[in-house]
Amino acid sequence: MNKQVKKDTYIVCIGGANIDRKYRAKQPIMQGTSNPVVSSTSIGGVGRNIAENLGRLENDVKLLTAVGNDADRLKILQSSKKYIDMNDVLEVEGHSTGSYTAILDEEGNMEVAYANMDIFDQLTIERIKEKESLIRSATCIVIDLNCPKETVEYVYTIAKRFTIPLIIIPVSSPKMDRLPTTLEGVEWLITNKDESETYFQMPIHSHNAWKEAVKKWLQKGIKQVVVTNGDNGVMVGNIAENNDLNIQCFPPIRAEQVIDVTGAGDAFCSGVIFGFIEGNTLKESIQLGMINAYKTILSLYTVRLELSKSQLLQEMEEL
């Protein structure tokens, strides 16, 4: 029997928090030579970005992450504390705070990115156990795969034991092997085409293959699955009450001009999670995610500054 505890109203996000450095080319990138760019620095990390989005959407959010004892740590704490409870952030001596450096082409699309995320290996089971009382009283848990596999497995067992909705965000294809061995009962998995291809070792070059990937995820016992596919949009699936598979495809909201794609995926995840927590339908939750991602693409910031609950709901009505 699953144990029941009194749930508080906060969300726990577990995962990455780092410094984002972005360099956007002024003209088509040329290999082997110097390229003129426009540079910017902001606060990022998948877990942290989602936490800030949700905080701006008027949720009480606590972040469990690891940072080094350096200047970048102070930047993250200072910039995040307005929207996120940072009191449980782990400071690790002798390690650098995580960093993400993105090279963008002249249209704002990512050409290549470099991620220094070794510090998140310090999010061990032993350290997570110290925060277990915090985790098991949450109304919802969001975890990204910057965390070690053993930690993800452990958080999964806590969520299952205390019947807490667990939302998993893969982060990148190379980290798909950090998913729990068993996914039965996971509330949401929000992944993309490349990550699904890596996990299932299958190419997704057609609509039918894309749909098949969603089916494969659902067959693992996940309650709701999202597989995003770039300009093709989003495919989402769940299992209906009669045990039939319910799979829908949503076309993208196309931006006439892309300012910066960094953070758009995290914005999408946050909109979906917000919709779920607010009790919206599956369709409405996906639409909230797509609108938040679309607006983030039009922003210079990884988490757009104008985001609020009332703003997102107004954008939902307009679009």
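Scroll up for the structure.
Residues numbered from 1 in each chain as written. Predicted model: local features only at pLDDT ≥ 70, side-chain atom pairs only at ≥ 80, totals over all residues. Heavy atoms only, no water.

So what's going on with the pairing of strand 4 (residues 61–64)? Which residues, and what values?
Here strand 4 shows no split at all, with Val61 and Leu63 on one side and Lys62 and Leu64 on the other all buried. Relative to strand 4, strand 1 (residues 11–14) runs parallel, the two sharing 4 bridges. Paired with Ile11 across the strands is Val61, a residue of strand 4. (Buried < 20%, exposed > 50% of the residue type's maximum accessible area, 1.4 Å probe, protein only. Helix = DSSP H or I, 4+ residues; strand = E, 2+ residues; numbered from the N terminus. Pairing = 2+ DSSP bridges.)

Kindly report on the nonpolar core, identifying the contributing residues and their values.
Counting residues in hydrophobic clusters, the biggest one holds 50 residues, and the most contacted among them are Ile14, Leu166, Ile168 and Trp217. At the level of elements, strand 1, strand 7 (98–104), helix 4 (132–136), strand 9 (140–144), helix 5 (149–161), strand 10 (166–169), helix 7 (207–218) and strand 12 (224–228) are the ones that each hand at least two residues to this core. When near neighbours in sequence (up to four residues on either side) are disregarded, Leu166 contacts Ile141, Ile143, Val155, Tyr156, Ala159, Val186, Glu187 and Trp188. By size, the runner-up hydrophobic cluster in this structure holds 42 residues, among which are Ala264, Phe268, Val272 and Ile291. (Core = buried A, V, L, I, M, F, W, Y, C linked by side-chain atoms within 4.5 Å. Contact = heavy atoms within 4.5 Å.)

Describe a nonpolar patch on the surface, naming the residues involved and giving the relevant values.
Together, Leu300, Tyr301 and Leu305 make up a nonpolar patch on the protein surface, roughly 330 Å² of accessible area in all. Summarising the element assignment, Leu305 is placed in the loop between helix 9 (282–297) and helix 10 (309–318). (Patch = residues over 30% accessible without salt bridge, like charges linked within 9 Å, V, L, I, M, F, W, Y side chains within 5 Å. Areas by Shrake-Rupley, 256 points an atom, 1.4 Å probe, with all protein chains shown as cover. Salt bridge = Lys/Arg side-chain N within 4 Å of Asp/Glu carboxyl O.)

I'd love a proper account of the pairing of strand 12, names of residues and values included.
Of all the 5 residues making up strand 12, 5 are buried; the element is thus mostly covered by neighbouring parts of the structure. The alternating pattern of strand 12 places Gln224, Val226 and Thr228 on one face and Val225 and Val227 on the opposite face, and all of these are buried. With 5 bridges connecting them, strand 12 and strand 13 (residues 234–239) associate as antiparallel partners. Pairing of Val226 across the sheet is with Val236, part of strand 13. Hairpin connection between strand 12 and strand 13: a loop of 5 residues separates the two successive antiparallel strands, and Gly230 in this loop has a positive phi of roughly 55 degrees.

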